[in-house]
Structure formats: C-alpha cells, structure tokens
Amino acid sequence: MHGVAELPLLPECLPYLAGRTVVVGLSGGRDSVALLLALHRHGCSLRACHVHHGIRGAAADEDAAFCQNLCTRLEIPFEEHRVCVPQLAEQSGESLETAARRARHEILAACAARCAGHTVALAHHADDQAETVLFRLARGSAGLRGMLPVRQDETTTWLRPLLGANRAQITAWLQAQGQDWREDATNAVPDAARNRIRLEVLPALARALERDVVPVLNRSARLQQETLAALDAALSMMPLTDPQGRLFLPGVEKLPGPLRKAAVARFLRAACVPDLTEEHVLAVLAILPADAPAARVNLPGGFSACRREKRLVVRNAAADPVPVPW
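Quick look at the structure, then. Since this is a predicted model, take the numbers as computed values, not measurements.

**A short note on the overall build of the protein**
Step number 1: Looking only at helices and strands, one finds 11 helices and 10 strands in the protein.
Step number 2: The principal-axis extent of the C-alpha atoms belonging to the protein is close to 65 × 45 × 40 Å.
Step number 3: For the protein, the proportion of its 326 residues judged to be buried stands at 42%.
Step number 4: The long-range share in the protein, meaning contacts at least 24 apart out of those at least 6 apart in sequence, stands at 64%.
Step number 5: For the protein, the accessible surface area stands at approximately 16700 Å², while carbon and sulfur atoms represent 54% of it.
Step number 6: Here the protein holds 37 positive side-chain charges and 35 negative ones, and the gap between their average locations is 6 Å.

Structure below.
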C-alpha cells in the first residue's frame with residue numbers, strides 16, 4: 001500500500017469482531033467503504049447492509065449498485081433495504097435527518113438479529129466524534145460526552161472501530177489502494193446542524209486557535225468517558241437496587257446531590273430509556289420525595305418512571321416493568 005499504514009481499529013472493538021458475523025452499515029461513502037475493507041482485511045466474517053432512503057433519485061440508485069458491486073468483488077453477503085424517508089418524516093414529525101437515522105438504526109438492528117453475533121459496525125471516525133462533542137455541548141444534553149467505541153442495547157452490540165482514525169487517514173488509505181467511493185453531494189451543503197458544524201464551525205475554531213481541534217475534542221471526550229466509567233463503577237458497588245432491579249429510594253436519598261443525580265441517570269440508562277437529557281433526570285429526581293406532588297413522569301421512547309413504596313420503577317409503553325441489568 002505504498003507505505004500507508006493500515007487503518008487503526010480500536011482495541012476495545014477487537015473482542016467483538018472475532019467468532020461472529022458483523023453487519024456493516026454500508027452507504028457507499030468513503031468512511032463505510034474504508035470500514036468494510038478494513039474489517040475484511042482483518043479477517044472478519046461480514047454482512048453488508050445498505051439502506052436506500054428514497055431521497056436522492058438516480059444518485060441513490062447508483063450508490064446501491066456501487067455497494068452491491070463492491071460486495072460481489074469481495075465476496076461479502078449484501079442486503080439492500082429501501083425506505084421512503086420523506087414519508088416517515090411526515091408521519092413522525094421528525095426532520096429528514098432524524099427519520100433517516102432512525103430507519104437505519106432499525107434496519108441494521110433487524111439485520112444483526114438475523115446473524116448469530118447481533119453486532120453492527122458503524123463507520124464513525126475521529127472527525128465525526130469531534131462534531132458530536134460540539135453538537136452535544138451546544139445542546140447542553142451530554143456535556144463533552146462523545147460516541148462510545150462499543151455500545152450495547154437490549155438486542156444489539158454497536159461498534160465504531162474507526163473512532164481512532166481521522167478523515168485524512170481514511171482518504172489516504174483508500175487512495176493508496178486505488179479504491180474509489182461514492183460522494184453524497186448533500187454532505188457539502190450547510191443546511192443540517194451537523195453539516196454546519198463540520199463545514200463551518202470546526203474550521204472556524206481551528207483557525208481561531210491555530211491548531212487542529214479534532215484531536216483535542218476527541219481527547220476531551222475520552223477523558224469524560226473515563227470519569228463517567230469510574231463513577232459508574234463506584235455506583236455499581238453501592239446497594240441501590242432491590243432484588244427486582246428497582247431503585248431503592250432510601251439508599252439514593254442518603255447520597256450527596258451530584259451522586260444522587262448520577263445514580264438516577266445510571267438507572268435510567270440501564271433501563272434503556274432513549275435520548276436521555278439532564279431535564280429528564282431532574283424530572284425524575286423531583287418525584288422521588290414521598291411528599292412530591294406527583295409520583296410519575298413521562299420519559300422519551302414511551303417510557304415512564306413511577307415512585308412506588310420507596311422504589312422507583314421504569315415502565316415501557318406497554319406498562320410492563322423493564323428489567324434493569326446491574
């Protein structure tokens with residue numbers, strides 16, 4: 001490869017790449033093509049899954065054909081799924097970007113469920129991580145928290161093996177192999193918030209500080225995650241749940257304020273409440289006192305939290321208790 005090093009795969013992801021079939025979300029763009037090739041060179045058992053969003057007409061059809069041809073050449077099983085994202089967005093009231101992301105998530109999870117490994121690999125890299133940190137910081141929802149290399153929900157393990165590589169490394173690696181990719185013209189239009197962060201905010205910040213800010217933001221996200229992991233480990237050693245997995249409120253009430261907040265947030269995340277923000281955690285904290293005017297609060301994704309007999313219970317949309325793994 002003309003002296004260009006292999007793309008680094010994060011060591012945290014390596015144990016999840018062996019002995020199972022990994023579903024790769026393949027758009028045909030530079031990043032997902034690099035991920036597919038890197039995992040293929042690593043000897044992984046792969047299945048590629050392409051989601052056609054029904055938005056970009058002939059260009060989207062050409063993306064799908066490109067992905068099919070690439071997988072045929074590499075002898076990797078390939079699936080194409082077509083959805084009408086504009087219709088989904090109209091039905092849900094979401095933006096096109098949000099509706100497309102949700103559709104991809106559901107399709108990739110379903111594809112992984114048909115494979116023994118229940119594992120999906122996504123092509124986010126260091127530049128994407130920097131964008132995510134700035135986006136979340138501006139929203140005030142997650143501080144400096146970035147994307148995790150490994151995230152597990154109730155059905156699927158989500159991997160981001162390329163978070164340690166930047167966009168320039170990925171481009172050079174593909175060019176050294178003579179491997180082309182598809183360009184999505186909408187990525188160069190500063191319309192969606194993430195596009196504006198990538199095209200305008202990050203370059204302006206780099207100019208203002210006279211340095212590459214991507215490594216700095218990635219390091220900040222890593223340090224934040226290390227702190228959160230240490231806090232999580234400390235909370236896991238405290239007797240805060242009963243045998244049924246419900247949060248034991250007398251134990252929580254003895255904690256200092258910041259730890260109490262962290263314990264509730266940890267409990268809600270473990271119960272798989274999606275899109276959790278500080279406002280949701282504070283709303284749950286408000287119902288914990290026995291003399292609180294309300295004993296129940298609604299949460300995202302059809303979940304709710306209820307105070308019952310000195311316990312906090314999280315329920316899903318079907319009003320069934322959600323088992324909480326600790």
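Text resumes after the structure shown.
**A short note on helix α8 (residues 213-236)**
Owing to its 3.6 residues per turn, the α-helix brings residues three or four apart onto one side.
Step number 1: With 24 residues, α8 extends 34 Å from end C-alpha to end C-alpha; this agrees with the ideal 34 Å at 1.5 Å per step.
Step number 2: Regarding α8, the residues found buried are V213, V214, L217, N218, A221 and L235.
Step number 3: On its buried face, α8 sits against α5 (126-139), α7 (193-209) and α10 (257-270).
Step number 4: In this structure D212 caps α8, since a side-chain oxygen of it lies 3.1 Å from the backbone nitrogen of V214.

**Regarding the packing of aromatic side chains**
Step number 1: Under the defined criterion, the tally for this structure stands at 0 aromatic pairs.
Step number 2: R194 extends its terminal NZ or CZ atom over the ring of F135, reaching a point 4.7 Å from the ring centre.

**Some points on the environment of Q224**
Step number 1: Turning to its location among the elements, Q224 is positioned in helix α8.
Step number 2: Through-space distance from the C-alpha of Q224 to that of L144 is 6.4 Å; in sequence the pair is 80 residues apart.

**So, the sheet that holds strand β5 (residues 150-152)**
Step number 1: The strand order across the open sheet built from 6 strands is β3-β2-β1-β4-β6-β5, with neighbouring strands paired in mixed fashion. Either end of the sheet is taken by a strand with one partner, and the two such strands are β3 (78-82) and β5. Looking at each pair of strands side by side, their axes are set apart by 25° on average, direction ignored.
Step number 2: Looking at chain direction, β5 and strand β6 (residues 157-159) are connected through 3 bridges and run antiparallel. When the bridges of β6 are listed, V150 appears paired with L159.
Step number 3: Across the face of the sheet, helix α4 (residues 96-113) comes into contact with β1 (21-25), β2 (45-52), β3, β4 (119-121), β5 and β6 while running at roughly 150° to β2.

**A closer look at the state of the cysteines**
Step number 1: Inspection of every chain in the model, using the stated rule, returns 0 disulfides.
Step number 2: No disulfide involves C67; its sulfur sits 6.6 Å from that of C71, the nearest cysteine.
Step number 3: Taking relative accessible area as the criterion, C67 reaches 0% and is therefore assigned buried.
Step number 4: This cysteine, C84, is not joined by any disulfide, and C49 carries the nearest cysteine sulfur, 18 Å off.
Step number 5: Take C84: its relative accessible area is 38%, and that puts it in the partly exposed class.

**Focus on the pattern of salt bridges**
Step number 1: Within this structure, the stated rule accounts for 20 salt bridges.
Step number 2: Here K261 and E278 are joined by a salt bridge, their closest N and O atoms 2.5 Å apart. With K261 in helix α10 and E278 in helix α11 (residues 278-286), the pair connects residues that are 17 residues apart, well separated along the chain.
Step number 3: Exposure remark for K261: the relative accessible area of 29% places this residue in the partly exposed category.
Step number 4: Using a relative accessible area of 33% as the deciding quantity, one classes E278 as partly exposed.
Step number 5: Counted as one network, the salt bridges with shared partners bring together R56, E62, D63, R182 and D184.

The rules we used
Residues numbered from 1 in each chain as written. Predicted model: local features only at pLDDT ≥ 70, side-chain atom pairs only at ≥ 80, totals over all residues. Heavy atoms only, no water. Helix = DSSP H or I, 4+ residues; strand = E, 2+ residues; numbered from the N terminus. Buried < 20%, exposed > 50% of the residue type's maximum accessible area, 1.4 Å probe, protein only. Contact = heavy atoms within 4.5 Å. Areas by Shrake-Rupley, 256 points an atom, 1.4 Å probe, with all protein chains shown as cover. Lys, Arg positive; Asp, Glu negative; His and termini not counted. Charge placed at Lys NZ, Arg CZ, Asp CG, Glu CD. Expected span 1.5 Å × (residues − 1). Polar contact = N/O pair within 3.5 Å; in protein donor to acceptor, adjacent residues only side chain to side chain. Phe/Tyr/Trp six-rings, centres within 6.5 Å; stacked < 30°, edge-to-face > 60°. Lys NZ or Arg CZ within 6 Å of the ring centre and 35° of its normal. Pairing = 2+ DSSP bridges. Axes fitted to C-alpha atoms, helices over the stretch in contact; angles between N-to-C directions. Disulfide = S-S within 2.5 Å. Salt bridge = Lys/Arg side-chain N within 4 Å of Asp/Glu carboxyl O.

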